[in-house]
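# Observations on chain architecture
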Amino acid sequence: MKKSFILCVAILSTVLILLTSCGVDGSGTPQDTTTASETTPVPNDTTTPDHETTSSDTPSTPSDAVTQYQGKISSPDNTDLSGIKIDVYEVISAKIGVDPDPRNIKYTTYDPSRDFSFLEDKYVYLFSVYTDINGGFSFDLPCSSGAIRFDSDTFPKQHGIRCAENSRNDFNAKNSVVFYADNVDTLSVEFVLERAESAYLTFVKEHDSFGFSPVLVNGVGEILYADAEITNGRFDDGFIDAMISGAEINYTATIVYDDLSQTVTYPVSWEHLYYWEWRVGYLYYNNYITKEQYDNIFATTEPSKILPVM
């Protein structure tokens, strides 16, 4: 019996040794076989700062080609050209699928609630850059269609800007220069900063509204772009009668830009701008005439002959 007991103990010891070597405890649960050397953190490579990423840390991937916009401003009068602010925008073009284009239609009814926003390009501000002491500036284009606007508050006193004569770009009605960067490595554009010597007005006809815009020019009549202001603007006496009949009438205002202050007049010929129905509607809904006057004009005036949109 004693020999049999010793033999059983030996057999049980052998089984326990085998189970332990297989990573299983007596209950049959798997054990963590990771060694201490595998869980100990490996010290960082002291030759590379922690905040830097080396090429071996991140696999290299091909990047899209980047177009750089390079601008250069010059001035004929040795003006300081540093620190001029340029705002950069992405331009999202309007998707116009209407024929005829509503912007070309001469409406017979005045409707201030008519919405034309879907016809307008959208300008999304991205960032700003500044010129160096030589009037240069540059930036990488984040989009294929964009625009820049100059902040005239950062211009030298009474100066405006224009595109150089050799430039293919020009300012639009929003005082912006639009660019397209498809498949182009570098866009180089030159501008000229000059003193504004005089000013005049232009008539702005936009959908169901109208107004006037100031225009600055240099000494030889070339247009300069800057944020001038219109003050004390008014039509001559007889504005209501002129608008009803379609007669011409003068609008007079003062254009102010820094030290430049010039009073100018613009003759407005209503007959060539709007149908009489639109003009009378404008007068009524803006409280220039009464409902009785409005009804009487429509009752006694022959309807306009509508011309086709060309």
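In this text the structure is predicted, and so the values were computed from the model without any measurement. (Residues numbered from 1 in each chain as written. Predicted model: local features only at pLDDT ≥ 70, side-chain atom pairs only at ≥ 80, totals over all residues. Heavy atoms only, no water.)

## A word on the overall build of the chain
Note the following rule: Strands here are runs of E lasting at least two residues and helices are runs of H or I lasting at least four, both read from the DSSP assignment and numbered beginning at the N terminus. The buried label goes to any residue with under 20% of its type's maximum accessible area, the exposed label to any with over 50%, and the partly exposed label to all in between, with areas taken from a 1.4 Å probe on protein chains only. Contacts are residue-level and defined by heavy atoms, with any inter-residue pair within 4.5 Å sufficient. Methods summary: accessible areas were calculated by the Shrake-Rupley approach with a probe of 1.4 Å, and residue burial reflects only the protein chains presented.
Within the chain, the regular secondary structure consists of five helices and 14 strands. Taken across its 310 residues, the chain has 34% of its residues classed as buried. The long-range fraction of contacts in the chain, counting pairs at least 24 apart against all pairs at least 6 apart in sequence, stands at 67%. Within the structure as shown, the chain displays about 20,000 Å² of accessible surface, and the carbon and sulfur contribution to it stands at 51%.

## A look at the sheet that holds strand β10 (residues 209–217)
To keep things clear, this is the line we draw: Any two strands with at least two DSSP-identified bridges between them are counted as paired.
Reading across from one edge, β9-β10-β11 is the order of the three strands in this open sheet, with antiparallel pairing throughout. At either margin of the open sheet sits one strand with a lone partner, and together these are β9 (198–206) and β11 (223–224). Where β9 and β10 come together, nine bridges link them in antiparallel fashion. Counted as the bridge partner of F203 is F212 from β10.

## Structural notes on the confidence of the model for the chain
As a reminder of what qualifies: pLDDT measures the predictor's confidence residue by residue and takes values from 0 up to 100.
Chain-level pLDDT for the chain is 79 on average; 75% of the residues reach the 70-or-more range. With pLDDT under 50 throughout, residues 1–63 is counted as low confidence; its partners more than four residues away or in other chains account for twelve contacts.

## Focus: the side chain of Q158
Within the fold, Q158 resides in the loop between β5 (145–150) and β6 (159–163). Ignoring sequence-local partners within four residues, the contact set of Q158 consists of E194, R195, A196, Y257, D258, D259 and L260.

## Some words on unusual backbone geometry
Phi is positive for N175, close to 55 degrees, though the residue is something other than glycine. With respect to the helices and strands, the residue N175 is situated in the loop between β6 and β7 (177–180). At N232, a residue that is not glycine, the phi angle is positive and equals roughly 55 degrees. On the secondary structure map, N232 appears in strand β12 (residues 229–235).

## Some remarks on a negative patch on the surface
Threshold: Excluding any residue in a salt bridge, patches collect residues exceeding 30% relative accessible area, merging like charges within 9 Å and nonpolar Val, Leu, Ile, Met, Phe, Trp and Tyr side chains within 5 Å. By definition here, a salt bridge exists when the distance from a side-chain nitrogen of Lys or Arg to a carboxyl oxygen of Asp or Glu is within 4 Å. A residue counts as positive if it is Lys or Arg and as negative if it is Asp or Glu; His and the chain ends are not included. The atom standing in for a charge is NZ when the residue is Lys, CZ when it is Arg, CG when it is Asp and CD when it is Glu.
Residues D153, D227, E229 and D258 make up a contiguous surface patch of negative charge. With respect to the helices and strands, E229 occurs in strand β12. By relative accessible area, E229 is classed as exposed at 51%.

## A few points about a nonpolar patch on the surface
Taken together, the side chains of I92, V124 and L126 define a hydrophobic patch exposed on the protein surface, amounting to about 200 Å² of accessible area. As for its position among the elements, L126 is in strand β3 (residues 122–130). Of the residues examined, L126 reaches a relative accessible area of 31% and is grouped as partly exposed.

## Describing the environment of T252
What counts, and what does not: Here a polar contact means two N or O atoms within 3.5 Å. Within protein one must be a hydrogen donor candidate and the other an acceptor candidate, and residues neighboring in sequence count only if both atoms are side-chain atoms.
Mapped onto the elements, T252 comes out in strand β13 (residues 248–257). For the pair formed by T252 and N232, sequence separation is 20 residues and the distance between their alpha carbons is 8.0 Å. If near-sequence neighbours (up to four positions away) are discounted, T252 is found in contact with N232, G233, R234, D236, T263, V264 and T265. At 3.1 Å, the side chain of T252 forms a polar contact with the side chain of T265.

## So, the sheet that holds β7
What counts is decided by this rule: Simply put, an axis is a line fit to the C-alpha atoms, just over the touching stretch for a helix, and the angle between two N-to-C directions goes from 0 to 180 degrees.
With antiparallel pairing, four strands are arranged side by side in an open sheet as β3-β2-β5-β7. The outermost strands of the open sheet, each flanked by one partner alone, are β3 and β7. Going from strand to strand, the sheet's axes swing by 30 degrees on average, the running direction of each strand aside. Where strand β2 (residues 85–92) and β3 come together, eight bridges link them in antiparallel fashion.

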